[in-house]
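Below, each chain spelled out in residue letters.
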Amino acid sequence: MTKNTIEVKNLQVTKQKDWAAGLTAVVSAYKNVSTKVGPIKGTRLLTQLNQIEGFDCPGCAWPDPLLKRSTFEFCENGAKAIADEATSKRATSAFFEQHSIEDLKYKSDRWLNDQGRLVEPLFLAEGAKHYQPISWSDALELIAKNLSQLDSPNHAAFYTSGRTSNEAAFLYQLFVRQFGTNNLPDCSNMCHESSGVGLTETIGVSKGTVSLHDLENSEAIFIFGQNPGSNHPRMLTSLQAAKRQGAKIVAINPLDEAGLKRFKNPQEAEGLIGAGTALRDLYLPVKINGDVAFLKGLCKALIERDAAGQDVLDHGFIAEYCHGFTAFEQNMLDTSWTHIEQHSGLTQNQINQAADIACASKKTICCWAMGMTQHKNAVANVQLMTNFLMLQGNLGKPGAGVCPVRGHSNVQGDRTMGIWEKPSTAFLDALQQTYDFEVPREPGYDTIETIQAMAKGQVKVLFALGGNFYRATPDHTATKQALANCELTVQVSTKLNQSHLYTGKNALILPALGRTELDQQTSGIQTVTVENSMGVVQTSHGKIPPASNLLKSEVAIVADLATLTLPNSQINWLQMKADYRLIRDGIAQVIPDFERFNQRIEEFGEFELPNVVRDERKFVTASGKANFIVHDIESVHVPAGCLLMMTIRSHDQFNTTVYTNNDRYRGIHGSRRVIFVNAEDLIDLGLQAGQQIDIHSHWQNEKIHTRTADDFTLVEYGIPRGCAAAYYPETNDLIPLSSVADKSNTPAYKSVVISLHKKTDKEN
Ligand SMILES: Nc1nc2c(c(=O)[nH]1)N[C@H]1C(S)=C(S)[C@@H](COP(=O)(O)OP(=O)(O)OC[C@H]3O[C@@H](n4cnc5c(=O)[nH]c(N)nc54)[C@H](O)[C@@H]3O)O[C@H]1N2
Ligand SMILES: Nc1nc2c(c(=O)[nH]1)N[C@H]1C(S)=C(S)[C@@H](COP(=O)(O)OP(=O)(O)OC[C@H]3O[C@@H](n4cnc5c(=O)[nH]c(N)nc54)[C@H](O)[C@@H]3O)O[C@H]1N2
Ligand code: SF4
Ligand SMILES: [Mo]
């Protein structure tokens, strides 16, 4: 039996849950830390999580309440994230001696992660079958040598995943730019890039415009393409607070996710033993990628009601602050309800119910995540949500605004620190002035462009500060080949993952300290900072001894590498490594709004970054106003016999890190190799729930499918007709490399055209 069939045989499907959290979540949190970390150490760690003097949760980017913190400022998935990092298991050199790369390729993501923390630098020489230990100095010299041998600095790319601290991120981009390139792809390219691009064009800022206080005091919250019960669990606490103040919640999602139905707050006795709080007031089962049509319907309903004499639109706001309204209004009026219904999968009546909630609210917020950003028309999704809010003046006033809910705990901070392949001129000028070197001005490669450049032999060294580049990106077959073209791939990591197996000709693993660990440098124990999804910058203090005395902090790795690679640099990297306050002094000089950075965090532990839209109702766009932007409805063509598939996260994973094979809210246990399909589609396709199938994906005019994912079990599920869902990253091989969002180049991970293929009895 292959690893896939073993997993498939363990599958148990139970009824979908209609609430989230409660006692089960508390038990799961403590079980995770006590089995992985130990009962005493584990519980002690939990009490430090998200406290001002503790460490920031390495899970998602959901904010902590300002100033007032309870003793239990975390959720089940935060506990899982720290248990996974602080595990007592170790992947030592004996492990790598025992397991060849070829052996490890047969193991699952979960098994690899379960081997524990990486504890020493490792080297995989060209043609070798095993990783071998290597000293830090040899490892760093090898990287420096490979970098200095390149014909151009643009032949290297420097990836970042969003767990990196502000200090490490700032130092890293400084090194990369002094080395001479803007090739700084990051996980954001695959995540909220569409939000940044869409918002910048529409309202002039790339970030959200609401605070936790706004969310808890709004009157209507529209939640698009987001599953907070699993991916931002403490958001449910804020939604509960909003509900208690009378807010209405609308969930727009092909799946009726348990976490948005009802929340049993584990912090309250009622939440532990009672029925909990009902959250969403309206559930709209939009078709996958049907949001542009829905949003046009919603805007049309508001415009039509206003034209009919109801007081719906904020004409004062539109006249003073907005641009392009007339063309937008006309486009909404010209779009027919039939067209809207057909492409959204929703009825005019359903859309009218959403319009009723919008009309009754004076303060509306739109929240969203990957269900909106990972489609061909993702930027249109973001702009139409913003335009919907603009119609009623819901920007730049308390309780209203846009709320892109970020993924990784510091993904927003990394961008603020300059991890971006397309930095602004103002940022580059400030960097050049502060550090006195000629910064590269040519835009660099994003994540997809990096893979394409590697395939063409134009990127020969990939350095990854965290993450799982190979496994998180689309089309594993193509990406694997592209990576294999590189002379050297380097992964700075905490845990073993598939990017350590599918590598360049030579590969290095550099083991890094995690968020939970004490970071001792020559000037003493260091503090780092992060920025959450709502623009609050806060400190994080590691608490436990490192998993091994051979680990280095990300700052130390970057500083040591920069010292070796750039012998003529006038920047004193080692001084900054010794004392991270010096890095923060640099940040304060280069990045607006970080003045007196050290003083402010030493005094308050955290501070909120200004936001001109939120604070001043100012729109720094080309037109000087908030822009209404017209978008056509362009649905993905799904041929007869095919379905449109979205790739989603389970409750028990953090991106490519799989904790267990369960997804309890959706009733899935024991296997991740499942695909959710509507009952009537199963009948039409001549298939049955429980049957084993292979999935093929189709792209543009390709005649023969080239991408397959095998050994999945069909699960009948409440999902709109024509749609399907399966877990990431098991299905990433199905995603064509060139299937990306317009303008943001984000992979269209949630619009994959697939067909299902029965396995023959022999294959079963
Ligand atoms: N526990 C845990 N927490 C996490 C993560 C994790 O893996 N595990 N990952 C972190 C990261 S990096 C990120 S980016 C976030 C991701 O957080 P989410 O965006 O919540 O994660 P996904 O599972 O990708 O869920 C997307 C949601 O969008 C819906 N959806 C898909 N397609 C469409 C569509 O076309 N329209 C609409 N309206 N909805 C759609 C899906 O049904 C699903 O509910 O979570 C972060 N937090
Ligand atoms: N099909 C599909 N693909 C997707 C998505 C999807 O929804 N569908 N989502 C996309 C999104 S939103 C994102 S953000 C990307 C995620 O892409 P990545 O950020 O690249 O992937 P992760 O799985 O978060 O990375 C996990 C690895 O990071 C390392 N790590 C963990 N903590 C630390 C640390 O503190 N320091 C260092 N140096 N390393 C650490 C560990 O070795 C671990 O194995 O995936 C994208 N891919
Ligand atoms: S909501 Fe996110 S940041 Fe907060 S404790 Fe849970 S995983 Fe951590
Ligand atoms: Mo993400």
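Just so we're clear, the structure is a prediction, and the values are computed from it rather than from any experiment.

Neighbouring ligand 1 are 31 residues; Asn 253, Glu 257, Asp 291, Gln 653 and Asn 655 lie closest to it. Within the backbone of Ser 230, one N or O atom sits 3.0 Å away from a nitrogen atom of ligand 1. Out of a free accessible area of 920 Å², ligand 1 has 99% covered by protein chains. Mapped onto the shell around ligand 1, the elements with two or more residues apiece are α12 (228-231), α21 (370-373), β25 (643-648) and β26 (653-654). When its residues are assigned to classes, the shell around ligand 1 shows 12 nonpolar, 15 polar and 4 charged. Both domain 3 (193-404) and domain 4 (643-758) contribute no fewer than three residues apiece to the shell around ligand 1.

Here we come to the site of ligand 2. Around ligand 2 sit 30 residues in total, of which Tyr 159, Glu 554, Thr 656, Tyr 728 and Asn 732 are the nearest. Within the backbone of Gly 467, a nitrogen or oxygen atom sits 3.1 Å from an oxygen atom of ligand 2. Burial of ligand 2 by the protein chains amounts to 96% of its free accessible area of 930 Å². In the shell around ligand 2, the residues fall into 11 nonpolar, 14 polar and 5 charged.

Let's shift gears to the UniProt feature "domain: Molybdopterin oxidoreductase" (unreviewed entry) in the chain. With numbering aligned to this structure, UniProt lists the feature "domain: Molybdopterin oxidoreductase" (unreviewed entry) at residues 117-562. End C-alpha to end C-alpha, residues 117-562 measures 26 Å, and it is 42% helix and 16% strand.

Partitioning the chain into structural domains gives domain 1 (20-85), domain 2 (100-191 + 410-595), domain 3 (193-404) and domain 4 (643-758). Computed from C-alpha coordinates alone, the two centres of domain 1 and domain 4 are separated by 31 Å. In this assembly, 13 residues from domain 1 lie in contact with 7 residues from domain 4. Roughly 700 Å² is buried in total at the junction of domain 1 and domain 4, and carbon and sulfur atoms are behind 50% of that figure. In this structure, the connection of domain 1 to domain 4 is made through 2 salt bridges.

Turning our attention to the sheet that holds strand β33 (residues 752-758). Taken in spatial order, the 6 strands of this closed barrel run β25-β32-β29-β31-β30-β33, and their pairing is mixed. The sheet shows a mean angle of 45° between the axes of neighbouring strands, taken without regard to direction. Examined bridge by bridge, β25 and β33 share 3 bridges and lie antiparallel to one another. Bridge assignment links Met 645 to a residue of β33, and that residue is Val 752.

A few words now on the side chain of Arg 666. With respect to the helices, strands and loops of the structure, Arg 666 is situated in the loop between β27 (657-658) and β28 (668-669). Here the side chain of Arg 666 touches Arg 649 through a polar contact of 3.0 Å, landing on its backbone oxygen. At 2.8 Å, the side chain of Arg 666 forms a polar contact with the side chain of Asp 663. When sequence neighbours within four positions are dropped, the list of residues in contact with Arg 666 reads Thr 14, Gln 16, Asn 227, Leu 255, Glu 257, Ile 648, Arg 649, Ser 650, Phe 676, Tyr 717 and Tyr 727.

Sheet strands pair by backbone hydrogen bonding; their relative direction is either parallel or antiparallel. Here 3 strands make up an open sheet; going across it, the order is β2-β10-β11 and the pairing mixed. The sheet is open, and its two edges are formed by β2 (20-21) and β11 (277-278), each paired on a single side. In this structure, β2 lies alongside strand β10 (residues 262-264), joined through 2 bridges in parallel fashion. Within β10, the position partnered with Ala 21 by the bridge is Lys 264.

Rules used throughout
- Residues numbered from 1 in each chain as written.
- Chains lettered and ligands numbered in written order.
- Predicted model: local features only at pLDDT ≥ 70, side-chain atom pairs only at ≥ 80, totals over all residues.
- Heavy atoms only, no water.
- Near = heavy atom within 4 Å.
- Polar contact = N/O pair within 3.5 Å; in protein donor to acceptor, adjacent residues only side chain to side chain.
- Areas by Shrake-Rupley, 256 points an atom, 1.4 Å probe, with all protein chains shown as cover.
- Helix = DSSP H or I, 4+ residues; strand = E, 2+ residues; numbered from the N terminus.
- Nonpolar A, V, L, I, M, F, W, Y, C, P; charged D, E, K, R; others polar.
- Domains from an automatic or database assignment.
- UniProt positions renumbered as here; feature names shortened; annotations may be inferred.
- Contact = heavy atoms within 4.5 Å.
- Buried area = accessible area lost by both parts, 1.4 Å probe.
- Salt bridge = Lys/Arg side-chain N within 4 Å of Asp/Glu carboxyl O.
- Pairing = 2+ DSSP bridges.
- Axes fitted to C-alpha atoms, helices over the stretch in contact; angles between N-to-C directions.

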